[in-house]
Amino acid sequence: MKKKGVFRKLILIATLFWTGIFYAQSVTGVVKDDQGPLVGVNVVLKGTSIGTSTDFDGNYTFNHVDSDAILVFSYIGYDTIEIPVNGKGNIDVVMTVDAKSLDEVVLVGYSVRKKSNLTGAVSTVDLSDMEKTRVTNVAKAMQGQIAGVQVTSSTGAPGDAIQIRIRGVGTIGDNNPLYVIDGIPTRDISFLNQDDIKAMTVLKDAAAAAIYGSRASGGVVLITTKNGTKGKVNFDLNFFTGFSKIANLPDMLNADQYINTLEKAWNNTYTGTNPYTADRGRSDFSDTDWLDELFENGKSQSLQFTASGGSDKTQFLISLGYYGQDGAVVYDHDKYKKINYRTNINTNLTDRLKLGTNLQLSYSAQDKVASKGESLIRYALLRAPITSVYKDMNDPTYSEEDPFTDLPFYTETGYDQANMRSLYEVVGNPIAQAYFTDDVRKTYRAFGNVFGEYSFLKNKELVFRTNVGIDFAAYHNKAFYQNYGDDDGSGSEVDAGLGRQNRPSSLNEERGDALTITFNNTLNYTRTFAEKHDFSALLGTEYITNYESSIGASRARFAYTNDEFRYLDYGESDLDLWNSGSASEWALFSYFGSASYSYDRKYMVTANLRADASSRFAENQRWGYFPSVSAGWKISNEKFLEDVDWLSDLKLRASWGQVGNQEIDNYTYLTLISQTDGIVTVDRFGNPDLKWETSTQSNVGVDLSLFNNKLAMSAEYFNKSTTDILLPISLPSVVGDVESTILNAGEVRNRGFEFSVNYKNSDNEFKYSINANLATLSNNVEKLHPNLPYISGDVSRSQVGQPLDAYFGYRMIGIYQNQAEIDSHLSGTIGATDKPGDIKFKDLNKDGVINSDDREFIGSPIPDLTYGLAFSSSYKGFDFSFLFQGVQGIDRYNDGKQIVDYDTRPFNYSTAILGAWDGEGSSNSRPRVTFEDNGSSKISSIFVEDASYLRLKNMEIGYTIGALKGLKDVRIYISGQNLFTITDYTGLDPETVDLKDQGTYPSSTSVLIGANLKF
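Along each chain, numbering runs from 1 in the same order as the chain's sequence is written. For a predicted model such as this one, the threshold for reporting local features is a pLDDT of at least 70, and the threshold for listing and counting side-chain atom pairs is 80 or more; totals across whole chains, interfaces and linings nevertheless cover every residue. To get the side-chain values, all heavy atoms of the structure are used, and hydrogens and water are removed first.

The chain goes by TonB-dependent receptor in an unreviewed UniProt entry, where it is assigned to Maribacter polysiphoniae. UniProt positions are given in the numbering used here, feature names are shortened, and annotations may be inferred rather than shown by experiment. Turning to the chain, the UniProt annotation filed under Subcellular location (unreviewed entry) states: "Cell outer membrane". What UniProt states about the chain under its Sequence similarities (unreviewed entry) heading is, verbatim, "Belongs to the TonB-dependent receptor family."

Student: How should the UniProt feature "domain: TonB-dependent receptor-like beta-barrel" (unreviewed entry) in the chain be read in this particular structure?
Tutor: Mapped onto the present numbering, the UniProt feature "domain: TonB-dependent receptor-like beta-barrel" (unreviewed entry) falls on residues 435-979. Strands are runs of DSSP state E lasting at least 2 residues, helices are runs of H or I lasting at least 4, and numbering of each runs from the N terminus. Taken end to end, residues 435-979 has its terminal C-alpha atoms 29 Å apart, with 3% of it in helix and 55% in strand.

Student: Explain the sheet that holds strand 3 (residues 42-45) here, please?
Tutor: One key point about sheets: their strands pair by backbone hydrogen bonds, in either a parallel or an antiparallel sense. Spatially, the four strands line up as an open sheet ordered 4-3-6-7, and their pairing is antiparallel. Pairing within the sheet leaves two strands with one partner each, and these edge strands are strand 4 (51-53) and strand 7 (81-84). Along the sheet, successive strands turn relative to each other by an average axial angle of 20°, direction set aside. Any two strands with at least two DSSP bridges between them are considered paired. Bridging between strand 6 (residues 70-74) and strand 7 involves four bridges; their strand directions are antiparallel. Residue pairing in the sheet places Phe73 in a bridge with Ile81 of strand 7. Each axis is a line fitted through C-alpha atoms, taken for helices only over the stretch in contact, and angles between the N-to-C directions span 0 to 180 degrees.

Student: How do you make sense of the pattern of salt bridges when you look at a structure like this?
Tutor: Oppositely charged side chains are able to pair whenever their charged atoms sit close together. Take a side-chain nitrogen of Lys or Arg and a carboxyl oxygen of Asp or Glu: if they are within 4 Å of each other, that pair is a salt bridge. All chains considered together, the criterion is met by 57 salt bridges. In this structure, Lys897 engages Glu945 in a salt bridge whose closest nitrogen and oxygen atoms are separated by 3.0 Å. Of this pair, Lys897 sits in helix 11 (residues 895-901) while Glu945 sits in strand 47 (residues 944-946), placing them 48 residues apart in sequence. Here Lys897 matches Glu945 in class, with each residue buried. For the salt bridge of Arg951 with Asp989, the shortest nitrogen-to-oxygen distance reads 3.0 Å. A residue pair is termed long-range when its members are at least 10 positions apart, and Arg951 in strand 48 (residues 949-960) and Asp989 in the loop between strand 50 (981-983) and strand 51 (996-997) qualify at 38 residues. One continuous salt-bridge network, built from bridges that share partners, spans Arg134, Asp879, Glu956 and Arg971. Here's how the labels work: a residue is buried when its accessible area is under 20% of the maximum for its type, exposed when over 50%, partly exposed in between, all with a 1.4 Å probe on protein chains only.

Student: What should I look at first to understand the packing of aromatic side chains in this one?
Tutor: Geometrically, a pair of aromatic rings is defined through the distance of the ring centres and the angle of the planes. Stacked, tilted and edge-to-face pairs are distinguished by plane angle, under 30 degrees for stacked and over 60 for edge-to-face with tilted covering the rest, among Phe, Tyr and Trp rings (Trp via its six-membered ring) whose centres lie within 6.5 Å. Under the definition given, this model contains 50 aromatic pairs. Consider the rings of Tyr525 and Phe535, whose centres lie 6.3 Å apart with planes at 55°: the pair is tilted. Taken as a pair, Tyr525 in strand 25 (residues 506-529) and Phe535 in strand 26 (residues 533-556) lie far apart in primary sequence, 10 residues in all. Grouping aromatic residues by their ring pairs yields a cluster made of Tyr759, Phe766, Tyr768, Phe871, Phe880, Phe882, Phe884 and Phe980. Here Arg797 stacks its cationic end above the ring of Phe808, 4.0 Å away from the centre of that ring. Lysine NZ or arginine CZ positioned within 6 Å of the ring centre and within 35 degrees of the ring normal marks a charge as sitting over the ring.

Student: Explain the confidence of the model for the chain to me, please; I cannot follow it from the model alone.
Tutor: Across the chain, each position has a pLDDT score giving the predictor's confidence in that residue, from 0 to 100. For the chain, the mean per-residue pLDDT works out to 90, and 96% of the residues sit at or above 70. Ranking the elements of the chain by mean pLDDT puts helix 1 (residues 2-23) last, at 42, and strand 40 (residues 806-809) first, at 98. Contacts from residues 9-23, a stretch scored under 50 in pLDDT, to residues over four places away or in other chains number four contacts. Two residues form a contact once any of their heavy atoms are found within 4.5 Å.

Student: What is the right way to read the UniProt feature "domain: TonB-dependent receptor plug" (unreviewed entry) in the chain from this model?
Tutor: Under the local residue numbering, the UniProt record ascribes the feature "domain: TonB-dependent receptor plug" (unreviewed entry) to residues 115-220. Helix makes up 8% of residues 115-220 and strand 26%, and the two end C-alpha atoms of the span are 17 Å apart.

Student: Looking at this model, I keep getting lost on the side chain of Ser590. Mind explaining?
Tutor: Take Ser590: it is sitting in strand 27 (residues 578-599). Among the polar contacts listed, one links the side chain of Ser590 to the side chain of Asp612, at a separation of 2.3 Å. Setting aside its immediate chain neighbours within four residues, Ser590 contacts Gly540, Thr541, Glu542, Arg610, Ala611 and Asp612. Any N or O atom pair separated by 3.5 Å or less is treated as a polar contact, with the protein-specific requirement of one donor-capable and one acceptor-capable atom, and with residues adjacent in sequence counted only for side-chain atom pairs.

Student: Just to check I follow, could you spell out the environment of Asn267 for this structure?
Tutor: On the secondary structure map, Asn267 appears in helix 4 (residues 255-267). Along the sequence, Asn267 and Phe447 sit 180 residues apart, while their C-alpha atoms lie 65 Å from each other. A distance of 3.0 Å separates polar atoms of two side chains, one belonging to Asn267 and the other to Asn274.

Student: Would you take a moment to explain the side chain of Ser505 for this structure?
Tutor: For Ser505, the position within the fold is in the loop between strand 24 (462-481) and strand 25. The buried category is assigned to Ser505, whose relative accessible area is 6%. Reaching out from Ser505, the side chain makes a polar contact with the backbone nitrogen of Asn483 at a distance of 2.8 Å. With residues up to four places along the chain from it excluded, the contact list for Ser505 reads Phe480, Tyr481, Gln482, Asn483, Arg555, Ala556, Arg557, Phe558 and Thr561.

Below is the structure:
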């Protein structure tokens, strides 16, 4: 009997054991909030320390869970949720925000991290604010959003480039940031669709960016695109259309004012009969407002369609987008269109193995007009109002193919060009230039990646990820320069009788492609020990290779110029042939690692190290090493503050790190030679010791949140020094006529403070948030080469002790009112030719002579202050938002002002010329009008203007109708862009990247209406 009892007990124990195994199960699901999947949510078996966390798409898998167990879902910033398993194999969770512990997870270089544990200067873009900017280039959407990030349009023309500067300008070379899209680096994001973006993070300091090493000196922008979520397929359709208009154009002289001004200029210059007096009342005079003729209303439209969904194992997103913009210049040759297709797919083959792919295909076409420099806008400013746009149809020189005026009052015979040029300057007709422009630039782009992830260890603490990316771009640029205009008698004999513009007709065509392949592998370990010790470590390698090539050709003298004949084969085959072809390649191999430790959510430290080997440097300087370290102290978690109810978060941060810059020309370290008729000559001596530019940056910051995280603030101070800057050094003439050799010699320092404030109130039906940011910047050249004491530009000079590209010239101190003042101020000048009404410049060395020794620094193109203010609100179904953006303490050289109001040639003038000096005491700020130099030919402070501005970038009013028949949700809105600008700058637009503003295509004011449909 005793043996039977033992046997029965063994059977009972075995039964209970196998029953436990039988009833233990796996549970999977997706955790998200109202915005989409949440990454890093802790899923723990209640009453134990056994747990896992969600991946980047919100998925989790929990093995060996008893059917009666309880799962606890916790996430900083959200309410903790407990859910009984009850035998279910799938549990999806929607988490709600906990205002008392608001936090978020951000992407920080090959991994994600909770914002509360960050120790570097990392900023996230508020996507709710960004999506309302309605821009074609995603980079522009960051404008005014982040402290220390300056975003500037190169021009307002459709499709033109955007410039981003993160914490200033650190080198005379490439200052552009690195973009990383779904783990794949690139230098351009113009192909991205704004609606496809899930998250955007900016790494501003070296501690945060050092993990990207040699490419991170200009900062790093991390972008994650959207993925599908488990469940029924959802469809989204976003559409808007609208019009735009150029605003705030300068007032130019009309015909009568123009003749009056020229008449006065003649009297101030010459004696004798005034030809302009004789020309008064001519019947062939027109009264043309050239700016009004040049600009019309532009149009834009956008259509974005997205489908997303998935099963327990596989999720997908497919999007298709179109954006089209027709600019504000007449004849529709300033257009831009972009077509995008994206597919993102993720699949969990097992609870440990995940595969995925993200792919975008894009096509863009820009009809390019001359938007800056010698642009048609510049011609519209200069062309005389007395000439008409079109010739009279009875004019013998009129033709239907070319109906435009060109030379002023042109006749087929007996035309005195020299006389007309001296009376009325013969600048080209901007309307004709717009009509004949045919410059189309097409780009085809494929960008994407394929990745795999496998989780090791019991609780998946160790994750291996491999990622292969491709960035392929093919372009085709084709520009036909149609001959037009009047015959001025010049040019070669073979072109006799042709018009003077684009003489002869010609075609330039260029094709090329670039392929960049990225292969990176990472091993990421994350674990929490004893509930107080959070540790993570990352190891990785990356290999990047790039190859690009291009071919080009041109021909001139086309017998037929209609569209069907605008191909190279139809040009003249004997004269003016040109062709070229080239290729280049580079490669980068890297090791990198990162480790982060946090104790009790109070004390945090992170260290990074990256080693890069670049083919752009000689073997002895190929490797560069970029370390960083940062630490944080979360004071609000200390016991002595735990009873302070109004304090939600207080954290101090400090960091130090180094990043590099490998964005230099390929083969710069090599000696270049050429051969002509068997003779080999050196064109440039190489430098085998050429090495990285290195940016060393220290940063201290504080994060503060109050009143249950309704009010959040952060402040930063940074000190960034870029050393070993590459400089072109000229060699002594004894070595021959050679190009400058590139040496590491320069140093530039940027310092500044950054502040951001965010306030959110969702307690009542009227919900609102306010985001404000402000950043200061001090830029200074610390060092140059002894053989290169300064670097000169047209209107600028980079010199030790001054900002990069500081404006350099003479300083105006007034207008000479009489001859006695001239004699006194120019006491050391023999035979001074200055006259009353001329510009009076500062005599810096007080020698009574105005010469090059009296030049000084007269302005800086780098702003002292950048800022932004965003407001968004909602009440029931209505929503309202706006964004202000501005810069302060920035100067711009207004060359348009110099040539319009101060040139000695008879161009048109702005109405400001009506206040010119006209006798003693009449003006001490604007010189006399004259056809001789009154001092205005000098580079001087007259033309360096304060380009500070405040601009209302966006305002939007929307109404959410809600569900309608067949639709889950409907929202309609009206949006305005660039609605007004406050500035003292007299150029067309204070927002430009050129040191010398020669008449830049300005930004447009636009009004859009649109709708968002979900079904």
